[in-house]
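# Understanding the architecture of this molecule
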Amino acid sequence: MRAHLARVDAVIVQAVIAGALSFSHLHDLAAAAGQDGWKAWAYPVSVDLLLVAAWRRMRQQQRAGQAAGGPRLWFLVALAASLGANVATAGLLDLDDVPAWLRVTVAGWPAIAFFGGTLLAHAPHTPETPAVPAPTAADTPAELHAVPSAVDRPDREALPVSSVDPGPALEPTAEPAPAPAPAVALPPALVDRVRALADEHRSTTGHPADPDAVRARLGLPPSMTPSVAAHL
């Protein structure tokens, strides 16, 4: 814990030192370019705020899976302004005789920073939505994956209506009971499971297992009862 705090403290101290030096360099460059008084102190605040805002929006769009080209561009602009001030005040530029192009750049920075900050603040932002994983084969029992789909009954064919006189009416006859659904072949793994449950029931109660009860324990549909009974 102490080692972690020591690392954090070192990072904070380094960040404070770097921020103070960059702040001072930006102030000195703005003052040398003719921005005196409070205006010279406002320039480093403007550059650092644009840098932080662009970085935060860039990270938000990257986490949301969106393109972050706009925030990355403004981050590079603010970084170039901060780095340029650090290099310019390192003795490579005569602060007593600042060139005209640099005076124009410093004077136009407020408009550039305002434009970039407005684009960053009003850029569309989509909230992050956690992806829902699709169900896999491991989420359901293996026996159910091995069971083939039940055979549907064939639809009854429509009988053609005869145009011939049917003659005298016939006495109504009892309609034959529908034939039971044919047994569906079970995979070997499910057959072993059916027989194991039947043996367990027989050893526990001393009576043969009921096919419908075995089918219910396996979680199979009612149409699979004849198939279960065929293996008991």
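Our subject in this report is the structure included herewith.

The rules we used
Residues numbered from 1 in each chain as written. Predicted model: local features only at pLDDT ≥ 70, side-chain atom pairs only at ≥ 80, totals over all residues. Heavy atoms only, no water. Helix = DSSP H or I, 4+ residues; strand = E, 2+ residues; numbered from the N terminus. Buried < 20%, exposed > 50% of the residue type's maximum accessible area, 1.4 Å probe, protein only. Contact = heavy atoms within 4.5 Å. Areas by Shrake-Rupley, 256 points an atom, 1.4 Å probe, with all protein chains shown as cover. Phe/Tyr/Trp six-rings, centres within 6.5 Å; stacked < 30°, edge-to-face > 60°. Core = buried A, V, L, I, M, F, W, Y, C linked by side-chain atoms within 4.5 Å. Patch = residues over 30% accessible without salt bridge, like charges linked within 9 Å, V, L, I, M, F, W, Y side chains within 5 Å. Salt bridge = Lys/Arg side-chain N within 4 Å of Asp/Glu carboxyl O. Axes fitted to C-alpha atoms, helices over the stretch in contact; angles between N-to-C directions. Parallel < 35°, antiparallel > 145°, perpendicular 65-115°, else oblique. Left-handed = near helix turned anticlockwise from the far one by under 90°. Nonpolar A, V, L, I, M, F, W, Y, C, P; charged D, E, K, R; others polar.

### Focus on the overall build of the protein
- Within the protein, the secondary structure is distributed over eight helices and zero strands.
- Put simply, the protein runs from its N terminus to its C terminus through helices and strands in the order α-α-α-α-α-α-α-α.
- The buried share among the 232 residues of the protein stands at 22%.
- The long-range share in the protein, meaning contacts at least 24 apart out of those at least 6 apart in sequence, stands at 65%.
- Carbon and sulfur atoms provide 65% of the accessible area of the protein, an area that totals close to 16,600 Å².

### Some points on the packing of aromatic side chains
- This model, assessed by the stated rule, comprises three aromatic pairs.
- Their ring planes at 25° and their centres at 6.0 Å tell us that Phe23 and Trp41 sit as a pair that is stacked. Placement of Phe23 in helix α1 (residues 2–32) and of Trp41 in helix α2 (residues 38–63) is noted, with a sequence separation of 18 residues between them.
- Under the relative-accessibility criterion, Trp41 is labelled partly exposed at 47%.
- Seen from their ring centres, Trp55 and Phe75 are 5.6 Å apart, and the 45° between their planes marks the pair as tilted. Linking Trp55 in helix α2 with Phe75 in helix α3 (residues 69–92), this pair joins segments that are 20 residues apart in sequence.
- Looking at Phe75, the relative accessible area reads 18%, which means it is buried.

### Observations regarding the nonpolar core
- Counting 21 residues, the largest nonpolar core has Leu50, Val106 and Trp109 as its most contacted members.
- Residue assignment for this core shows that the elements contributing at least two residues are α1, α2, α3 and α4 (100–121).
- Those residues in contact with Trp109, other than ones at most four positions away along the chain, are Tyr43, Ser46, Val47, Leu50, Val77, Ala78 and Ala81.
- Leu197, Val214, Leu218 and Leu220 belong to the second-largest nonpolar core, a separate cluster that totals nine residues.

### Some thoughts on a nonpolar patch on the surface
- On the surface, a nonpolar cluster with roughly 260 Å² of combined accessible area is contributed by Val13, Ile17 and Leu21.
- Looking at where Ile17 falls in the secondary structure, it is placed in helix α1.
- Relative accessible area serves as the criterion here: at 45%, Ile17 is assigned to the partly exposed category.

### Details of the environment of Leu73
- Mapped onto the elements of the fold, Leu73 is located in helix α3.
- The exposure class assigned to Leu73 is exposed, which follows from its relative accessible area of 51%.
- Leu73 sits 19 residues away from Ala54 along the chain, and the two C-alpha atoms are 8.3 Å apart.

### Considering the packing of α2 against α3
- Relative orientation of the contacting elements α2 and α3 amounts to 150°, with a least axis distance of 8 Å. Comparing their axes, α3 and α2 come out roughly antiparallel. Crossing geometry of α2 relative to α3 is assigned as left-handed. Contacts between α2 and α3 involve Val47, Leu50, Leu51, Ala54, Trp55, Arg57, Met58, Gln61 and Gln62 from the first element and Pro71, Arg72, Trp74, Phe75, Ala78, Leu79, Ala81 and Ser82 from the second.
- For the contact of α2 with α3, a count of residues per class yields 12 nonpolar, three polar and two charged.

### What about the pattern of salt bridges?
- Under the definition given, this model contains one salt bridge.
- Lys39 serves as the salt-bridge partner of Asp36, at 3.8 Å between the closest nitrogen and oxygen.
- Given the relative accessible area of 32%, Lys39 is considered partly exposed.

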